[in-house]
Amino acid sequence: MTTTLQNAVACWLATIDVLGGRSTVGPYACLRDGLADLVPIAEASEPCPLRDAVLALAEGYDDLALLAAVGLRLSPQTRTAAVERVLTRFDAVARLVEDQRPPL
């Protein structure tokens, strides 16, 4: 049985708070690890807004990781803008999942 992108993202979003609370995980590890699992599922999925949002989030996270790696020479404004892009894309993914959730 294959996991749909919708189900995979919904499960990931449901566990982020729990994972983010671990002191050994680090603040962005649950984002990184979740995206590592979600990107292959998204790439194999049919084109849809959620697929595009997941891939855009992964791209934004990759950009942020690159900036963090060379961040000593970046201005605080540049780092802040990169974080804001990731958060905006994360919010877009979360909204798409919430919008597609069936009513109770």
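Residues numbered from 1 in each chain as written. Predicted model: local features only at pLDDT ≥ 70, side-chain atom pairs only at ≥ 80, totals over all residues. Heavy atoms only, no water.

A.B. asks: Help me understand helix α3 (residues 49–69), please; the structure alone is not making it clear to me.
C.D. replies: When the terminal C-alpha atoms of α3 are compared, their 30 Å separation across 21 residues agrees well with the 30 Å that a helix rising 1.5 Å per residue should span. Among all positions in α3, only L50, R51, A53, V54, L57, A58, G60, Y61, L64 and L67 are buried. (Helix = DSSP H or I, 4+ residues; strand = E, 2+ residues; numbered from the N terminus. Expected span 1.5 Å × (residues − 1). Buried < 20%, exposed > 50% of the residue type's maximum accessible area, 1.4 Å probe, protein only.)

A.B. asks: Help me out: how do you make sense of the pattern of salt bridges in this one?
C.D. replies: Pairs may arise between side chains of opposite charge once their charged atoms sit close together. This model, assessed by the stated rule, comprises two salt bridges. Between R32 and D33 there is a salt bridge, with its nearest N and O atoms 3.1 Å apart. For R32, a relative accessible area of 43% corresponds to the partly exposed category. We classify D33 as partly exposed; its relative accessible area is 41%. With a closest N to O distance of 4.0 Å, R51 and D52 form a salt bridge. The partly exposed category is assigned to D52, whose relative accessible area is 44%. (Salt bridge = Lys/Arg side-chain N within 4 Å of Asp/Glu carboxyl O.)

By themselves, these are just geometric observations and shouldn't be taken as functional.
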